Structures are given as C-alpha cells and as structure tokens.
Amino acid sequence: MMVASVHHPELYVHMVLDGLDLFIPQDDVLSVEIIADLEVEQTEIGSIGWFGQHGHGDDAPVFCITGSFELLELDEVPKSREYFVLLKSLDDDTLPLGLTCDELEDMNVQKEHLYIQPVPPIMRTPRSPISELLIYEGDVACISSGPDMSKYLIDLSEQYMDKVAALAAAEMV
C-alpha cells in the first residue's frame, strides 16, 4: 500500500548565516546534521567536506556560504557554524547538497503569524536563490526553495572550479 506524502507549505527550517535569517521549506530538506559529522576537507569543488551518512550511496558535498551568499573555503568557515542541512537531491542523478549554518530551528510560519511576500522587482537578480521575503523579529528574512539553493550552490561550485583552473593555468605560464 502506497502512502501519499504530506505536504506542509507552512513548515520551514529557519537557518541563521552570519546574522541573516534564511528559511527553506521543510519539504526540501532531507536532514539536519551537526558539523562534527562531516569529513572535513577543502575539496576541488569548493565544498568544505563530505557527509556520507545519508544513504544515497555517495558522499554529499557540504558548502559554507556567507550571509551575502558568497562561497567560503574551509579556512574561512566561522567557528559559529555548528550545523548543516542536507537539501534533497534535484533528481535521481544528483547528490543531496549540504549547507552550513550558525543556528537552526523548525518553524511554522502560520502559527508564528509570519507573512510571506514576493521579492520586489528592484531586488531580483538572475542568480539569486531568494524567491520570497518575510519580516522576522523586525528584520527582513529570506526564503529560498531547496532546488533554488541547490542550483545556486552548484553555480558557486562551478565558479570555484573555474577560478582554481585559471589560477593553475596562470602558474604554468
């Protein structure tokens, strides 16, 4: 007997990155983990390590970004980063991706009386993973879907690999 999955659009994982409040729908999160469970190493793809306990068969890369969504290398990771979320895979051919954070909690935006707003056109950028905003504790908080954040992390990873390749080519000259 097949059980239909339950979709809860009001449930989010609230993450804090350098003081930025970021909300990701719980339906897009595979698991919440502690940073101590990472196999920590700077990787050639820009991640700060690998998480292998997700049952997908391969280790999942875990990335660290700033509150302004810039990629950090292992030696730049703030000591406050204690957790990471493992975002669900985009499809059967991709791995789940991890994203570190300083703090996190589950939140029901309806029970908290938080109202989701679209990103104003003036604030939209082509590469941004932010799809919506909300006011949380008097500040503007960002909302990103898991797929949008995963695509953004993949884009950052590709930029990182291009930068490393360019540096290596420059050293050969």
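Below or above, wherever it landed, is the structure these notes cover. (Residues numbered from 1 in each chain as written. Predicted model: local features only at pLDDT ≥ 70, side-chain atom pairs only at ≥ 80, totals over all residues. Heavy atoms only, no water.)

1. Observations regarding the nonpolar core
With 27 residues, the main nonpolar core has Met15, Leu22, Ile65, Phe69, Leu99, Met149 and Leu153 as its most contacted residues. Taken together, the elements giving at least two residues each to this core come down to β1 (11-17), β2 (20-25), β7 (83-87), β8 (97-101) and α1 (146-172). Sorting elements by how many residues they give to this core places α1 first, with five residues. Apart from residues no more than four positions distant in its own chain, isoleucine 65 is found in contact with Leu17, Glu70, Leu71, Leu72, Arg81, Leu99, Thr100, Met149, Leu153 and Leu156. (Core = buried A, V, L, I, M, F, W, Y, C linked by side-chain atoms within 4.5 Å. Buried < 20%, exposed > 50% of the residue type's maximum accessible area, 1.4 Å probe, protein only. Helix = DSSP H or I, 4+ residues; strand = E, 2+ residues; numbered from the N terminus. Contact = heavy atoms within 4.5 Å.)

2. What about the packing of aromatic side chains?
Each aromatic ring pair is specified by the distance between its two centres and by the angle formed by the two planes. A complete count under the given rule lists four aromatic pairs for this structure. Residues phenylalanine 23 and tyrosine 136 carry aromatic rings whose centres are separated by 5.6 Å and whose planes lie at 75° to one another, so their mutual orientation is edge-to-face. A residue pair is termed long-range when its members are at least 10 positions apart, and phenylalanine 23 in strand β2 and tyrosine 136 in strand β11 (residues 132-136) qualify at 113 residues. Note on phenylalanine 69 and tyrosine 152: the rings are 6.2 Å apart at their centroids and 85° apart in plane angle, and the pair reads as edge-to-face. Here the residue phenylalanine 69 occupies a position in the loop between β6 (60-63) and β7, and tyrosine 152 occupies one in helix α1, the gap between them amounting to 83 residues. In this structure phenylalanine 69 comes out as buried when scored by relative accessible area, which is 11%. Ring-pair connections join several aromatic residues into one group, and the members of that group are Tyr12, Phe23 and Tyr136. (Phe/Tyr/Trp six-rings, centres within 6.5 Å; stacked < 30°, edge-to-face > 60°.)

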